[in-house]
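Coordinates in review
Letter by letter, the chains look like this.
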Amino acid sequence: MSDVVAVILMTGVTAYALFGGADFGAGFWDLTAGGARRGAAPRQVVSHAIGPVWEANHVWLIFCLVVLWTGFPEAFASITLTLFVPLTLAAFGIVLRGASFAFRKEVTRTSSQRNFGAAFAASSVLVPYCMGAVAGAIASGRVPPNGTAGDAWSSWVNPTSVLGGVLAVTVCAYLAAVYMVWDARRLGEQEMVEYFRRRAVATAIVTGIIAFAGIFVLHGDARYVFDGLMSRALPLVIISGICGIASLVLLLRQDNRGARLLAMGAVATVVFGWGVAQYPYILPTSMKLSAAAAPDATLWSIVVVFVIAAVVILPSLGLLYYLDQRDLLGVAAEPDTRAGTTSS
Amino acid sequence: MGNVLTSVLAVNPVPWARSQMAFTLAFHIVLVPLGVAWGFITLVANYRALKHDDADALLLAQRWSKYMAVTFAVGAVTGTVLTFEFGLLWPRFMGRFGDAFGIPFAIEGLFFFLEAIFLAVYIYGWKRLKPWPHFWAGVPIVIAGIGGTASVVAANAWMNEPSGFTMNAAGKIVDVDPWGVIFNKAMPLQTIHMLIAAYLVGGFLVASVYAAAMLRGRRDRYHRIGFLIPFTVAAVAMPFQMLVGDELARWVYNNEPVKFAAIEMVPKTSSDVPETLFGYLNSSGQVEGGIPIPGLASWLSDPADGTSTVIQGLDTVPASQRPTNAEVSVVHLAWDVMIGMATLLFLLSLWYFAAWVFKRRLPKSRMFLVVAAAAGVLSVVALEAGWVVTEVGRQPWIVRNLMKVEQAATGNTEVWITFVAVLLIYAVVGVTLVLVLRLMSRRWREGELDDRGGPYEPRGGVPPREPAGIS
């Protein structure tokens, strides 16, 4: 039973990485887009791409936290006690990012737009870094079991956490660039298609290199997960590698739709692979899923909620994405970015 | 570096964790009514616009949905902070009770998803969706608001009235009855009370903006309707809230006697207890100051027995298991404030209805508009006060009679730093939120077109905005 809930949890984490992650990545491209004039066009695409969907995507995070604390309460307590600092930073980053993104759309003066934009973009990098560092702390066995606190600093300032953080930032940037190639074309902006395609290719290569280097980091610093990735999770790792390379090839050949699907495949398999690699532990190698799990009735409640989500929420999300991709959403609600940028 | 920092800044985290939770909740709770009730209010305007071809109502619905986009975003992220804080500030509470307490939140997640999805469809769908499908896309927002409120309040009610689980001798939960957790005894009345409160605050808050505008002479039809729709929603809800509140108070009298003793400030068990307006409990636990109304507290607790009704006093439980004298004073004051505000708003609603019944129009008196313009803030004060009553009244427990707040708190000594940071960040976000909302309003008033073209244009009628002009 605890295994089923673990799969649900990893499904939530993967969905958050694929959708929420891309929204953070969009913030990364916002950050690196340059001055107000030069960066206006890419920022326009960013704003269009994530405007209608980021809040729905963000709910996956709530979903993960709730499943974790309800299904594995003692592991959750260990994690929050140990990783107080990065989780607090992530929470602050989430506030700044969401609020400043919403504010930026409504203000007209360039200086205000710039301030909100900076807050939005900087926090879009901070949050995935912290999340990745948290994942690294868990994977490398630095979170002790049974609701006890590990070291407040070395738990998330260590090779695996740095790897996790940097990888999270680059993966988010990569996904976002790939998606935005598509979004730019939808918006009919050829120049931006090319702009994001170049960046997608670059981040694909960078991410690939970091992931490859990561193998050695894990070998030295997170042995259990390393062994898992090389055995149980090896098929997923291989699929991820193939998807990544294939998506790169398609990007170079300008087949953007295929590239998008393969990029999602590459990220999903590696995130899920992490879960498989540390099985049967929720906190390797001190606390097993079964030891941390809530009573069966609670686990069943989570399963029921998940089934309802699959029946009700997934079609609704599908509707949202469908309307968004068909350009039935989004145009009316962003009247003013232009007024501000031209006055600069 | 870490070690030096920790030793220099080692500060007891409990009071800071308490303050941070209280502050972030107090902030978030103001945004809740806007998320829960504003959708309904907007749909009323939208419905009116479609049914009666009312251009003013249509414009209001559009603009409200755009304000909502901003308030919902801030509400979503401040709500996320609360989710983090359960773990960051109260890890031992979550570790021990997460498997029961978490269940309502899992359900809340579903409603939050639904709300976020359809709010996006509704807010961003004005231009290209057909009118009625667009209207119906708004309906799940209202349902999700109700369901989400019920779920979150169920979790809070569970802290007041923990049930639906079995513990072993070591105090670890070994079995859970999800229905027993969700539908704990405190849940039904607390939920209805909060839900109506959300509609009251949402209605009065939105209406107060238009009342203020009318006071400044903007009395056209647009502003009148902008006042009438939300104010009517709140005014209709008000009498129901008086009934539900009364019922809930009696429920607390019967089921949470210590909280009730704090509310009525009753040091010793007795009959013929006076209702003391204001006043406080001094350090030796005696009532001081205030205006006592003889026998009223007893009479209200059970009108059947009248003034002979016995109210259990604070002295029936050891001092370590009840709120401190200072906390009792806070609870009592918050209670008086809530009742006072509610009474004022109730009278305002009566005035409004009387004018409609007898004169078929809004009250003409300028005084009415002045009070109505203040009603938004007053209703927020009542909401905050009510929340203080239920939370401070439960002290020192986080889970009543099972776990104390100090047992639940994190051991991280940096909480005072995060509290200061939260204070600063939220201050900036809060001030900016108000400024941005005002900016949007001013921009619209100065006649700038809301969008390119009107809503509900045929597909393809409006070309996607040309970004070419940017560079």
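Residues numbered from 1 in each chain as written. Chains lettered and ligands numbered in written order. Predicted model: local features only at pLDDT ≥ 70, side-chain atom pairs only at ≥ 80, totals over all residues.

Comments concerning the overall build of chain B
Applicable threshold: Strands are runs of DSSP state E lasting at least two residues, helices are runs of H or I lasting at least four, and both sets are numbered from the N terminus onward. Each radius of gyration is computed over the set of C-alpha atoms, and the globule rule expresses the reference value as 2.2 Å times the number of residues to the power 0.38. Burial is judged by counting other C-beta atoms within 10 Å of a residue's own C-beta: 20 or more means buried, 12 or fewer means exposed, and anything between counts as partly exposed, with every C-beta placed from the backbone. By the convention adopted here, residues are in contact when the distance between their C-beta atoms, placed from the backbone, does not exceed 7 Å.
Secondary structure assignment for chain B yields 14 helices and 8 strands. A globule of 471 residues ought to have a C-alpha radius of gyration of about 23 Å, and chain B, at 24 Å, matches this closely. Overall size of chain B, expressed as C-alpha extent along the three principal axes, is 70 × 65 × 45 Å. When the 471 residues of chain B are sorted by exposure, 51% land in the buried category. By sequence separation, contacts in chain B at least 24 residues apart represent 74% of the contacts at least 6 residues apart.

Section: the overall build of chain A
If you tally the helices and strands in chain A, you get 14 helices and 2 strands. For 344 residues, the compact-globule formula gives about 20 Å, and the C-alpha radius of gyration of chain A, at 20 Å, lands near that figure. If one aligns the C-alpha atoms of chain A with their principal axes, the spans along those axes are about 60 × 40 × 35 Å. In chain A, the share of contacts with a sequence separation of at least 24, taken over all contacts with a separation of at least 6, comes to 80%.

Considering helix α3 (residues 55-89) of chain B
Rules: Between the first and last residue of a helix there are one fewer steps than residues, each counted as 1.5 Å, and that sum is the expected span.
Spanning 35 residues, α3(B) covers 49 Å between terminal C-alpha atoms, matching the ideal 51 Å at 1.5 Å per step. The buried count for α3(B) comes to 29 of 35 residues, which makes it a mostly enclosed element.

A closer look at the environment of Leu110(B)
Turning to its location among the elements, Leu110(B) is positioned in helix α4 (residues 91-124). Assessed through the 21 C-beta atoms surrounding it within 10 Å, Leu110(B) is described here as buried. Aside from chain neighbours lying at most four places away, what touches Leu110(B) is Val305(A), Ile308(A), Ala309(A) and Ile313(A).

Remarks on the interface of chain B and chain A
Applied cut-off: Each residue is assigned to one of three groups, with Ala, Val, Leu, Ile, Met, Phe, Trp, Tyr, Cys and Pro labelled nonpolar, Asp, Glu, Lys and Arg labelled charged, and all others, Gly among them, labelled polar.
In this assembly, 71 residues from chain B lie in contact with 70 residues from chain A. Elements supplying a minimum of two residues to the side of chain B that touches chain A: α1 (2-8), α3, α4, β2 (173-176) and α14 (415-445) of chain B. When residues of the side of chain B that touches chain A are assigned to their parent elements, the largest contribution, 22 residues, is made by α4(B). Residues of the side of chain B that touches chain A, tallied by class, amount to 42 nonpolar, 18 polar and 11 charged.

Some thoughts on unusual backbone geometry
For the bond from Tyr279(A) to Pro280(A), the omega torsion is 0°, close enough to zero to count as cis. Mapped onto the secondary structure, Pro280(A) falls in the loop between α11 (256-277) and β1 (281-283). Across the junction of Gln395(B) and Pro396(B), the peptide omega takes the value 5°, indicating a cis bond. Tracing the sequence through the fold places Pro396(B) in the loop between α12 (366-392) and β7 (397-399). Positioned with a positive phi, Arg360(B) is a non-glycine residue whose angle comes to about 60°. One can find Arg360(B) in the loop between α11 (325-359) and α12. One non-glycine residue, Asn401(B), lies in positive phi territory at about 65°. Take Asn401(B): it is sitting in the loop between β7 and β8 (403-404).

Examining helix α1 (residues 2-31) of chain A
All names here are of chain A. Note the cut-off: Here the bend at each residue means the angle between axes fitted to two seven-residue stretches, the one ending at that residue and the one beginning there.
End to end, α1 covers 41 Å across 30 residues, agreeing with the expected 44 Å (1.5 Å per residue, within 8%). A maximum bend of about 35° is found in α1 at Gly 21. Along α1, 24 of the 30 residues are buried, which leaves the element largely enclosed by surrounding structure.

Topic: the environment of Phe135(B)
Residue and element names in this part refer to chain B. In this structure, Phe 135 sits in helix α5 (residues 131-160). Residues Phe 135 and Met 265 lie 130 residues apart in sequence; the distance between their C-alpha atoms is 49 Å. Excluding residues that lie within four positions of it along the chain, Phe 135 makes contacts with Leu 43, Asn 46, Tyr 47 and Leu 50.

Re the packing of helix α8 (residues 221-255) of chain B against α11(B)
All names here are of chain B. For clarity, the threshold we go by: Helix axes are fitted to C-alpha atoms over the stretch in contact, other axes to C-alpha atoms as well, and angles between N-to-C directions run from 0 to 180 degrees. Roughly parallel means an angle under 35 degrees; roughly antiparallel means over 145; roughly perpendicular covers 65 to 115; every other angle is labelled oblique. A crossing counts as left-handed when the near helix is turned anticlockwise from the far one by less than a right angle, and as right-handed when that turn is clockwise.
As a packed pair, α8 and α11 sit with axes 9 Å apart at the nearest point and diverge in direction by 130°. As judged from the angle between their axes, α8 and α11 are oblique. Along this stretch, α8 crosses α11, giving a crossing that reads as left-handed. The residues of α11 that touch α8, namely those facing Phe 231, Ala 235, Met 238, Pro 239, Gln 241, Met 242 and Gly 245, are Ala 342, Leu 345, Phe 346, Ser 349, Tyr 352 and Phe 353. Across the contact of α8 with α11, the residue classes tally to 10 nonpolar, 3 polar and no charged.

A closer look at the nonpolar core
This is how it is decided: Buried Ala, Val, Leu, Ile, Met, Phe, Trp, Tyr and Cys residues form a nonpolar core when they are connected through C-beta atoms within 7 Å.
Judged by nonpolar contacts, the single largest core of 297 residues is most densely connected at Leu175(A) and Ala176(A). If one sorts the elements of this core by residue count, α4(B) sits on top with 23 residues. With near-sequence residues (within four places) excluded, Ala176(A) lies in contact with Ala22(A), Gly25(A), Ala26(A), Phe28(A) and Trp29(A).

Considering the confidence of the model for chain B
Residue and element names in this part refer to chain B. Quick note on the threshold: Each residue carries a pLDDT score, the predictor's own confidence in it, on a scale running from 0 to 100.
With 93% of its residues at a pLDDT of at least 70, chain B reaches an overall mean of 88. When pLDDT is averaged over each helix and strand of chain B, the minimum, 56, is found for α1 and the maximum, 95, for helix α7 (residues 187-215). A low-confidence stretch, residues 458-471 (pLDDT under 50), is modelled with 26 contacts involving residues beyond four sequence positions or located in other chains. Overall fold confidence for the complex sits at a pTM of 0.89, while the interface term, ipTM, reaches 0.89.

Remarks on the pairing of β2(B)
Looking along a regular strand, one sees the side chains alternate between the two faces of the sheet. Residues and elements named next belong to chain B. The condition is simple: Pairs of strands are assigned from DSSP output, requiring at least two bridges between the strands.
Pairing geometry for strand β1 (residues 165-167) and β2, over 3 bridges, is antiparallel. Bridging from a neighbouring strand, Thr 166 pairs with Asp 175 of β2. Remark: 5 residues form the turn of the hairpin made by β1 and β2, two consecutive strands paired antiparallel; Gly 171 in that turn has positive phi of roughly 85°.

Overview of the confidence of the model for chain A
Predicted coordinates in areas of low pLDDT are best not read in detail. Taken over all residues, the pLDDT of chain A has a mean of 87, while the share at 70 or more is 96%. This model gives residues 331-344 of chain A a pLDDT under 50, and the stretch forms 38 contacts once residues within four places in sequence are excluded.

Brief notes about the packing of α1(A) against helix α2 (residues 40-50) of chain A
Residue and element names in this part refer to chain A. Packing of α1 against α2 leaves a shortest axis separation of 9 Å and a crossing angle of 165°. Taken as axis vectors, α1 and α2 run roughly antiparallel relative to one another. In this structure, α1 meets α2 at a crossing whose hand is left-handed. Seen from α1, the contacting residues are Asp 23, Ala 26, Trp 29 and Asp 30; seen from α2, they are Pro 42, Arg 43, Val 46, Ala 49 and Ile 50. The residue makeup of the contact of α1 with α2, split by class, is 6 nonpolar, no polar and 3 charged.

As for the environment of Phe419(B)
Residue and element names in this part refer to chain B. Position of Phe 419 relative to the elements: it lies in helix α14. Separated by 400 residues in sequence, Phe 419 and Ser 19 place their C-alpha atoms 7.4 Å apart. Not counting the four nearest positions on each side in its chain, Phe 419 is found in contact with Trp 16, Ser 19 and Gln 20.

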